[in-house]
Amino acid sequence: MDRKTALITGAGSGIGRVTALALWEAGYTLALAGRREDKLRETRAAAGVGAERALIVPTDVSDREAVVRLFAETKAKFGRLDVLFNNAGINAPAIPLEELSEAQWRDVVAVNLTGAFWCLQEAYKLMKAQRPQGGRIINNGSISAHAPRPHSAAYTATKHAMTGLTKSTALDGRAYNIACGQIDIGNARTEMSDRQQERLRAAAGSAEPQIDARHVADAVLYMANLPLSANVLFMTVMAKDMPYVGRG
């Protein structure tokens, strides 16, 4: 096949959807994963591409068997995988850490860290075995991988862990032509960020600057299009005036 194939988790909304549209515009075929099939179909409809360039696989990334099935279906349809955008993620309520329930903690870790690892692991296996060998894994980190917001213990912990996972994969993948990098995003306008902005207005009386999510998608596309001899290990894309360093 002449086209490159990418797989995006969390593709039904937000950064995942906008990135899917950018990759389709650039000529990729895509496998779309997310919990809600209707949202994945909305993403494909927004692009106007046919079934030959899109695979929809409803997937809960915290379910390992579902992730194995996702990558098997991707291989069966497209024959190989060139790019994984490991994007799916959730957050816990913005409450003091001592009030976090066991279920809230486990849910965030199961999706943001364990689920990301299941996807990375299956992509790694596929990329290692395919010919030509190799591919690229792009993990969605966060500004929280560097500087936390108040009341974000679970989310921040998983994003710091994602940084370690990115570094380990970048190192282990060298022998198999697998590149791994991470994009850390700050205040891109999505449904999730809009809810966060509402909380900020309620707490502080004002919101923070945001950027169009398409700028993030363009950054992911840049990383995806690099030759495998080059890698962006970490990239931060953020609203210029958002609080970041020291959260100030």
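To start, this report covers the structure provided alongside it. (Residues numbered from 1 in each chain as written. Predicted model: local features only at pLDDT ≥ 70, side-chain atom pairs only at ≥ 80, totals over all residues. Heavy atoms only, no water.)

With that settled, consider helix H5 (residues 153-172). In a regular helix each residue adds 1.5 Å, so 20 residues correspond to 28 Å; H5 covers 29 Å between its end C-alpha atoms and thus fits that length. Among all positions in H5, only Ala154, Tyr155, Thr156, Thr158, Lys159, Met162, Thr163, Leu165, Thr166, Thr169 and Ala170 are buried. Residues of H5 that are buried in the fold lie against helix H4 (102-129), strand E5 (135-140), strand E6 (178-186) and strand E9 (234-238). (Helix = DSSP H or I, 4+ residues; strand = E, 2+ residues; numbered from the N terminus. Expected span 1.5 Å × (residues − 1). Buried < 20%, exposed > 50% of the residue type's maximum accessible area, 1.4 Å probe, protein only. Contact = heavy atoms within 4.5 Å.)

The first and last C-alpha atoms of helix H1 (residues 14-25) sit 17 Å apart over 12 residues, in line with the 16 Å expected at 1.5 Å per residue. Restricting attention to buried positions, one finds in H1 the residues Gly14, Ile15, Gly16, Arg17, Thr19, Ala20, Ala22, Leu23 and Trp24. One or two steps after H1, the chain reaches Gly27, where phi turns positive at roughly 105°.

Here we take up the state of the cysteines. For the structure on display, the rule yields 0 disulfides. Looking at the unpaired Cys119, the closest cysteine sulfur is the one in Cys180, lying at 13 Å. Take Cys119: its relative accessible area is 0%, and that puts it in the buried class. (Disulfide = S-S within 2.5 Å.)

This part is about the packing of aromatic side chains. Taken as a whole, this structure holds 2 aromatic pairs when the rule is applied. When the centroid spacing of 5.7 Å and the interplanar angle of 50° are considered together, the rings of Phe117 and Trp118 count as tilted. Look at Tyr124 and Tyr176: their rings are 6.1 Å apart centre to centre, the planes differ by 75°, and that puts the pair in the edge-to-face class. With a gap of 52 residues between them, Tyr124 in helix H4 and Tyr176 in the loop between H5 and E6 connect regions that are remote in the sequence. Tyr124 sits in the buried class, given a relative accessible area of 16%. (Phe/Tyr/Trp six-rings, centres within 6.5 Å; stacked < 30°, edge-to-face > 60°.)

Glancing now at the packing of H1 against helix H2 (residues 37-47). At a closest axis distance of 10 Å, the pairing of H1 and H2 adopts a crossing angle of 35°. Crossing handedness for the pair H1 and H2: right-handed. Across from Arg17, Ala20, Leu21 and Trp24 in H1, the residues of H2 making contact are Lys39, Glu42, Thr43, Arg44, Ala46 and Ala47. Per-class residue counts for the contact of H1 with H2 are 5 nonpolar, 1 polar and 4 charged. (Axes fitted to C-alpha atoms, helices over the stretch in contact; angles between N-to-C directions. Left-handed = near helix turned anticlockwise from the far one by under 90°. Nonpolar A, V, L, I, M, F, W, Y, C, P; charged D, E, K, R; others polar.)

Let's shift gears to the packing of H4 against H5. When two helices pack together, their arrangement is given by the angle between the helix axes and by the axis-to-axis distance. Packing of H4 against H5 leaves a shortest axis separation of 9 Å and a crossing angle of 15°. In terms of their interaxial angle, H4 and H5 are classed as roughly parallel. Two packed elements cross with a definite hand, and for H4 against H5 that hand is right-handed. Contacts from Trp105, Val108, Val109, Asn112, Leu113, Ala116, Phe117, Leu120 and Tyr124 in H4 reach Ala153, Ala154, Tyr155, Ala157, Thr158, Lys159, Ala161, Met162, Leu165, Thr169 and Asp172 in H5. For the contact of H4 with H5, the residue count by class is 15 nonpolar, 3 polar and 2 charged. (Parallel < 35°, antiparallel > 145°, perpendicular 65-115°, else oblique.)

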